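Here is what each chain is made of, one letter per residue.
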Amino acid sequence: MRYAHIVGWGKALPQRIMTNDDLARIVDTSDAWIRERTGIVERRIAGPHETTATLAIAAAKEALEVAGLSGHQVDLIIVATATPEHIFPSTASLVQDALGADHAGAFDLSAACSGFVYALSMGADAIKAGSAETVLVIGAETLSRIVNWSDRSTCVLFGDGAGAVVLQAREQPGGVMATLLRSDGSGAELLILPAGGSKMPITPEALAQNLHTIKMNGREVYRFASRILDRAAREVIQKAGWNPEQVDLFVPHQANLRIIESAARALNIPMDKVFCNIQSYGNTSAASIPIALAEAAATGRLRPGDRVVMVGFGGGLTWAAAAVQWSEPRAFHRKGRTWRQLGYSLAGLRSRARRLLRHVEDRIFGSLDPALSNGKSSTPANRPRPQEQSTTSEQKR
Ligand code: UT7
C-alpha cells in the first residue's frame, strides 16, 4: 500500500508589516477593536515586486530544500489560491517554470480558504493512486490586492503570504491518513469577489462600486465557521481511526481567534495543542494552514510521528479537514543545496531561451494561417462578431 508523506515544508512572507495602528490611520478602527474581535495584531503586505507567484515560488523552494529534492523530481504542482496571478495561465504553471519542474503537471485549485486542504487531499490521492511520486502542494495569496482599503469590516482581516509542503510516496504507514471535503454553495454570496469573472467582467461601473474587491457578511461566515470547525475535525479524526485525545496538534485556518478558541473548547483540546499565528499574519486564506505547518515544524511544535489535524473553511461556502501523521523530513544535503540553486538559475535561463526561440520562430515563419499570411482574409479586428453573424443568417431567412 502507498502512503503520501509530508517530507518538506516552507513558507514565504512579504517583508512589509502593517500593524493595527497603521490601519487605524486609514480607516475608522482601533488596535483594541481588531485585537479583541479577531486576535490579529499585524499582517504582511506584498510589495510592488511581490505577487502570488513570487511568494509561491519562494515557499516551494524552501519546502524542496527541507525535502532535499529538486524541481526536476516533482510530478505534480497544485497551487491553492483565491488570488491567482491571472485567471489563466495558472499560477501553478508559473511556479513549474521557475522551479524547472520539467516533468510536472500544474494546476490551480479554487476553494478559497479551504483550498490548501483540498489541494493536500488531491495531491495525496494522486500519490495513493500511483499517478504521482512527488507532489508540491502550495497555498499562496496576495489578498491585499483584492481588499477594499476603505471597508473597515474586511480590510483589517486579511494578509499576504504563502506556504508549501512536499508530498512523497512511501510504503511505510503515515502521512495523510484521512481527508474530508465539503461545500454548501447556497452560501456563495456570503463571501464573494463579485466582479472579474465571466458573470460580471470588470467594467468602469463595477470598479466605481468596488465590486472587484472582497465582500463578506462577517457575522454569517462567523456563525458557519463556528458550526463546522469542531464537527469537521471530529469527523476526520474518526475517519483516521483516532480519538480526539490522541491529536498532538490542531492547525485550524487562521480566520479569527475567537472561532479557533470556541472550536478548541468544543473539541476539549487545550489551547497549547492548537497552533495560532493569526496575531502575526491575519487571515491569509489558502496560505494560512501551510504557513502554520511550516512554523510548527520549524519551532519543534510538530515532530515526526505527531498526529496533526487541520481544518480549512471559507468562501463557497467550503470546508475541508485532514488528519496527518507527521513524517521525518528527508535528509538535508548542503551540497544538494548548491545544485538546487544552480538548477533554478538554469531553469530561469531555459525559460528565457524558450521565449526567445518562440519569438524568433514567429518572426521567421509568421502566421500558420495561410489565408492570413496571404493577406486575403479578415484580420481579427474586422472579422464579424458572433452577434453580427447571427443577424446576417436571420436576415437571410
Ligand atoms: O477566511 C474566511 C472566513 N472568514 C471568517 O471566518 C470571518 C468570520 N467573521 C468574523 O471574524 C467576524 O464576524 C468579524 C471579525 C469580521 C467581525 O466581528 P463581529 O464581532 O462579528 O463584528 P460585527 O460585524 O458584528 O460588527 C460589530 C460592530 C459594528 O458596529 P455597530 O453596527 O454595532 O455599531 C461594526 O460596524 O463593529 C463595527 N466594526 C468595526 N469597528 C471598528 C466592524 N469592523 C470594525 C472595525 N473597527 N474594523
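**Quick word on the overall build of the chain**
Alright, step 1. Counting secondary structure elements, the chain contains 14 helices and 13 strands.
Alright, step 2. Its C-alpha atoms give the chain a radius of gyration of 23 Å, within 12% of the compact-globule value 21 Å for 397 residues.
Alright, step 3. In terms of its C-alpha atoms, the chain occupies a principal-axis envelope of roughly 75 × 55 × 45 Å.
Alright, step 4. Looking at the chain as a whole, 47% of its 397 residues qualify as buried.

**As for the site of the ligand**
Alright, step 1. Residues in contact with the ligand amount to 20 residues; listed here are only the nearest, Thr29, Gly218, Ala255, Asn256 and Gly314.
Alright, step 2. For the shell around the ligand, the secondary structure elements donating two or more residues are helix H2 (31-38), helix H6 (152-155) and helix H8 (218-239).
Alright, step 3. Ranked by the residues each element gives to the shell around the ligand, the list is headed by H8, at five residues.

**Considering the pairing of strand S5 (residues 105-109)**
Alright, step 1. As paired elements, strand S4 (residues 76-80) and S5 share five bridges and run parallel to each other. Across the sheet, residue isoleucine 77 finds its bridge partner in S5, namely alanine 106.
Alright, step 2. As for the winding sense of the linkage, the β-α-β connection from S4 through helix H4 (residues 91-99) to S5 is right-handed.

**Some details on the domain arrangement of the chain**
Alright, step 1. We note that the domain assignment places domain 1 (3-332) and domain 2 (335-396) within the chain.
Alright, step 2. Distance from the C-alpha centre of domain 1 to the C-alpha centre of domain 2: 34 Å.
Alright, step 3. Put simply, the parts of the chain that give the side of domain 1 that touches domain 2 at least two residues each are helix H3 (52-67) and H4.
Alright, step 4. Considering only residue class, the side of domain 1 that touches domain 2 consists of three nonpolar, five polar and three charged.

**Digging into the packing of H8 against helix H9 (residues 257-267)**
Alright, step 1. Between H8 and H9, the least distance of the axes is 9 Å, while the angle of their chain directions is 40°. The orientation of H8 relative to H9 falls into the category oblique. Helix-helix and strand crossings are classified by hand; for H8 and H9 the assignment is right-handed. Note on element contacts: H9 touches H8 through Ile259, Ser262, Ala263, Ala266 and Leu267, opposite Tyr222, Ala225, Ser226, Leu229, Asp230, Ala233 and Arg234.

**A short note on the nonpolar core**
Alright, step 1. If you look at the biggest cluster of nonpolar residues, it comprises 119 residues, and the most contacted ones within it are Val95 and Ile138.
Alright, step 2. Looking at this core element by element, the count peaks at 10 residues for H3.
Alright, step 3. Not counting the four nearest positions on each side in its chain, isoleucine 138 is found in contact with Ala56, Ala59, Ala60, Ile78, Val79, Ala80, Val95, Ala162 and Ala164.

**Looking at the sheet that holds strand S1 (residues 3-12)**
Alright, step 1. The strand order across the open sheet built from five strands is S1-S7-S6-S4-S5, with neighbouring strands paired in mixed fashion. The open sheet terminates on both sides in strands that have one partner only, identified here as S1 and S5. Averaged over neighbouring strand pairs, the angle between their axes works out to 20° when direction is ignored.
Alright, step 2. Inspection of the sheet shows S4 paired to strand S6 (residues 134-142) by five bridges, in the parallel sense. Among the inter-strand pairings, leucine 76 is bridged to a residue of S6, identified as valine 135.

**Focus: the environment of isoleucine 57**
Alright, step 1. Following the sequence through the fold, isoleucine 57 ends up in helix H3.
Alright, step 2. Considered as a pair, isoleucine 57 and glycine 174 are 117 residues apart in the sequence and their alpha carbons are 27 Å apart.
Alright, step 3. When sequence neighbours within four positions are dropped, the list of residues in contact with isoleucine 57 reads Val95, Ala98 and Leu99.

**A few points about the sheet that holds strand S12 (residues 307-314)**
Alright, step 1. Here four strands make up an open sheet; going across it, the order is S8-S13-S12-S11 and the pairing mixed. Edge positions in the sheet fall to strand S8 (175-183) and strand S11 (249-252), since each of these pairs with one other strand and no more. Within this sheet the neighbouring strands show an average axis-to-axis angle of 10°, counted without direction.
Alright, step 2. In the sheet, S11 pairs with S12 via four bridges, with the strands oriented parallel. Residue pairing for S12: proline 252 is matched across the bridge by valine 311.
Alright, step 3. Sitting on the sheet, helix H5 (residues 115-128) touches S8, S12 and strand S13 (318-325), and the angle it makes with S13 is about 55°.

Calculation criteria
- Residues numbered from 1 in each chain as written.
- Predicted model: local features only at pLDDT ≥ 70, side-chain atom pairs only at ≥ 80, totals over all residues.
- Helix = DSSP H or I, 4+ residues; strand = E, 2+ residues; numbered from the N terminus.
- Rg over C-alpha atoms; globule rule 2.2 N^0.38 Å.
- Buried ≥ 20, exposed ≤ 12 C-beta atoms within 10 Å, placed from the backbone.
- Near = placed C-beta within 6 Å.
- Pairing = 2+ DSSP bridges.
- Right-handed = clockwise from strand over helix to strand, strands pointing away.
- Domains from an automatic or database assignment.
- Nonpolar A, V, L, I, M, F, W, Y, C, P; charged D, E, K, R; others polar.
- Axes fitted to C-alpha atoms, helices over the stretch in contact; angles between N-to-C directions.
- Parallel < 35°, antiparallel > 145°, perpendicular 65-115°, else oblique.
- Left-handed = near helix turned anticlockwise from the far one by under 90°.
- Contact = placed C-beta atoms within 7 Å.
- Core = buried A, V, L, I, M, F, W, Y, C linked by C-beta atoms within 7 Å.

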